[in-house]
Amino acid sequence: MKKLVIIPAYNECKSILKAVDDIKKHAPDFDYVVINDCSTDDTLDICKKYDLNYVNLTVNLGIGGAVQTGYIYAWQYDYDMAVQFDGDGQHDAAYLEMMAGKLLETGSDMVIGSRFIEKEGFQSSGLRRLGIRYFSALLWLLTGKRVTDPTSGMRMVNRDVIRIYAVNYPKDYPEPESVMAILRMGKKVTEMPVVMREREEGTSSIGGLSSVYYMVKVTLAILMERLRR
């Protein structure tokens, strides 16, 4: 089966090589593509210098647009499964083969790597954990499905979901909304425990007043997605 790792990258020049090397070492059966989201640092130069497989966006599309570009790539090049993988060092490629096995063995449409099943490794800040529990409860209330880590950026999908996301993918803070979208369609979402690392470089886009916007925006997006026919 053809398996693709989608690495959205915005100003990840200090960590992108480590992420790619991690994939090559621990998930050699996977191809990868770096989606350079119009970075203002040396990310593009590193992609060129080290001959990485990359797509260069000349306009900054944000995390949603970058990830959707990866799904379009996966669809056009006939990949059977695709997995999102952060370029900042938080994700561990050693889990990718296990996630692929889980996707096939359970007949799932999506497998999410959850840090909250065994509660090992970096667990995020207390405030963020509270927000994650809120979105988990909201998804359960609206769908009856329990997802412990709806904000996880480490999720693997089959070709059917690749097709769905290539056509339509949320633009801002997309993880909970994109899970809601396929649950609404009756797709099967499974989780498996993973250990995540603390971000090695850079800062998160969610903080301060942006965290308030994040909670309101994602809540409304999930509710609207639930009402969509």
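The present account deals with the structure reproduced in this document.

Rules used throughout
Residues numbered from 1 in each chain as written. Predicted model: local features only at pLDDT ≥ 70, side-chain atom pairs only at ≥ 80, totals over all residues. Heavy atoms only, no water. Pairing = 2+ DSSP bridges. Helix = DSSP H or I, 4+ residues; strand = E, 2+ residues; numbered from the N terminus. Axes fitted to C-alpha atoms, helices over the stretch in contact; angles between N-to-C directions. Contact = heavy atoms within 4.5 Å. Core = buried A, V, L, I, M, F, W, Y, C linked by side-chain atoms within 4.5 Å. Buried < 20%, exposed > 50% of the residue type's maximum accessible area, 1.4 Å probe, protein only. Salt bridge = Lys/Arg side-chain N within 4 Å of Asp/Glu carboxyl O.

1. Examining the sheet that holds strand β5 (residues 110–114)
Step number 1: Sheet architecture is open: seven strands sit in the order β3-β2-β1-β4-β6-β5-β7, paired in mixed fashion. Looking along the sheet, the strands with just one partner apiece sit at the ends: β3 (54–57) and β7 (189–193). In this sheet, neighbouring strand axes are inclined to one another by 20° on average, regardless of whether the strands run parallel or antiparallel.
Step number 2: Strand direction decides the pairing type here: β5 and β7, joined by five bridges, are parallel. Bridge pairing in β7 links isoleucine 112 to glutamate 191.
Step number 3: Against the sheet, helix α3 (residues 62–76) touches β1 (3–9), β2 (31–37), β3, β4 (81–84) and β6 (155–158), its axis set at about 155° to β1.
Step number 4: In the packing of helix α4 (residues 96–106) onto the sheet, contacts are made with β1, β4, β5, β6 and β7, and the angle to β6 comes to roughly 40°.

2. So, the nonpolar core
Step number 1: Formed by 34 residues in total, the largest nonpolar core has its most connected members in Leu4, Tyr71, Met110, Val157, Tyr165, Val179 and Ile222.
Step number 2: Of all elements in the fold, only β1, β2, α3, β5, α5 (126–143), α6 (159–167), α7 (174–184) and α8 (209–227) reach the threshold of two or more residues within this core.
Step number 3: In this structure, Ile7, Ile16, Leu96 and Val111 belong to the second largest nonpolar core, which totals 29 residues.

3. Brief notes about the pattern of salt bridges
Step number 1: As enumerated under the stated definition, the model contains nine salt bridges in all.
Step number 2: Arginine 159 is paired through a salt bridge with aspartate 78; the nearest N and O atoms lie 3.4 Å apart. Taken together, the positions of arginine 159 in helix α6 and aspartate 78 in the loop between α3 and β4 put the pair 81 residues apart, joining distant regions of the chain.
Step number 3: Linking aspartate 160 and arginine 163 is a salt bridge whose minimum nitrogen-to-oxygen distance equals 2.7 Å. Here the residue aspartate 160 and the residue arginine 163 both occupy positions in helix α6, the gap between them amounting to three residues, near one helical turn.
Step number 4: Several salt bridges share partner residues, and in doing so they unite Asp22, Asp92 and Arg197 into one network.

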